[in-house]
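Now for the letters of each chain:
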Amino acid sequence: MSRSRYVIQDADKPHFLTCTVVEWLPVFTRPDAVQIILDSWVHQREHDGLKLFGYVILENHLHFVAQAPRLDTCLSSFKSYTAARLIELLEARKAEHLLARLRFAKRAHKHDREYQFWQEGSHAEMIFSEVVMRQKLDYIHQNPVKRGYVELPEHWRYSSARNYLEQPGLIEVDPWC
């Protein structure tokens, strides 16, 4: 698989981002795996200047809209940190089938690791207007509804939909006006 043609154009502008587990493996099926993602975003908001405008985490991928002074660096750190913690979690759970698939998915030229967790690239799309921001946030929040997991976006636990309804979400997000 070749690298994504989507790149972070202006690292200080908001971008719609997608991170997908290799082979679309269902890793985010338990709260402890999802918590690693949430904790990473909280840390980056507190320490790296990340603005997180919206997110959804599904069983094998996630979408989010974010902005940071160095979004490319934040994204790289996010993927690196979460991959390491999630692999540790899978090892602790003795999730041998998932670990075998992650080991198999590792690209031959990568000698610095045993596993490949995330697909390469992040399908970054710069958000250049309020209309596009609204479309991306709606897409994120409607994703679990379209999949038939819930009736309403705010019923999906691992989403920022509740934040936009002034209900408590799992983590804070930076509201888009």
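Definitions and cut-offs
- Residues numbered from 1 in each chain as written.
- Predicted model: local features only at pLDDT ≥ 70, side-chain atom pairs only at ≥ 80, totals over all residues.
- Heavy atoms only, no water.
- Salt bridge = Lys/Arg side-chain N within 4 Å of Asp/Glu carboxyl O.
- Helix = DSSP H or I, 4+ residues; strand = E, 2+ residues; numbered from the N terminus.
- Buried < 20%, exposed > 50% of the residue type's maximum accessible area, 1.4 Å probe, protein only.
- Pairing = 2+ DSSP bridges.
- Contact = heavy atoms within 4.5 Å.

Asker: Even after reading the chapter, I still don't get the pattern of salt bridges, so can you show me in this structure?
Answerer: When their charged atoms lie close together, side chains carrying opposite charge are able to pair. Under the criterion given, the structure shown has 9 salt bridges. Asp174 is paired through a salt bridge with Arg45; the nearest N and O atoms lie 3.1 Å apart. In this pair, Asp174 sits in the segment after helix H4 (130-146) while Arg45 sits in helix H1 (residues 31-47), placing the two residues 129 residues apart along the sequence. For Asp174, a relative accessible area of 18% corresponds to the buried category.

Asker: Just checking my understanding: could you explain the sheet that holds strand S3 (residues 61-67) for this structure?
Answerer: Strand pairing within a sheet occurs via backbone hydrogen bonds; the two strands may be parallel or antiparallel. One open sheet accounts for 4 strands, arranged S2-S3-S1-S4; its pairing is antiparallel. Of all the strands in the sheet, just strand S2 (51-57) and strand S4 (125-126) have a single pairing partner and so form its edges. Two elements, S2 and S3, share 6 bridges in a ladder whose sense is antiparallel. Looking at the pairing, Tyr55 lines up with Phe64 of S3.

Asker: Please clarify how the environment of Pro31 should be interpreted in this entry.
Answerer: Checked against the element boundaries, Pro31 lands in helix H1. On a C-alpha basis, the gap between Pro31 and Ala95 in space is 15 Å, while along the polypeptide they are 64 residues apart.

Asker: I would appreciate a short explanation of the side chain of His15 in the present structure.
Answerer: Take His15: it is sitting in strand S1 (residues 15-20). We classify His15 as buried; its relative accessible area is 0%. Not counting residues within four places of it along the chain, the set of residues in contact with His15 comprises Ile8, Gln9, Asp10, Phe64, Val65, Ala66, Leu71, Ala124, Glu125, Met126 and Ile127.

Asker: Would you mind showing me how to read the environment of Ala124 here?
Answerer: Of note, Ala124 is situated in the loop between helix H3 (96-105) and S4. When the C-alpha positions of Ala124 and Val173 are compared, they lie 19 Å apart, and in sequence the two are 49 residues distant.

Asker: Just to check I follow, could you spell out unusual backbone geometry for this structure?
Answerer: Among all residues save glycine, negative phi is the norm, and among peptide bonds the norm is trans. Backbone geometry places Lys94, a non-glycine residue, at a positive phi of 60°. With respect to the secondary-structure elements, Lys94 resides in the loop between helix H2 (71-93) and H3. For Lys94, a relative accessible area of 62% translates into the label exposed. Unusually for a residue other than glycine, Glu166 sits at a positive phi of about 60°. Inspection of the secondary structure assignment puts Glu166 in the segment after H4. You can call Glu166 exposed: its relative accessible area is 78%.

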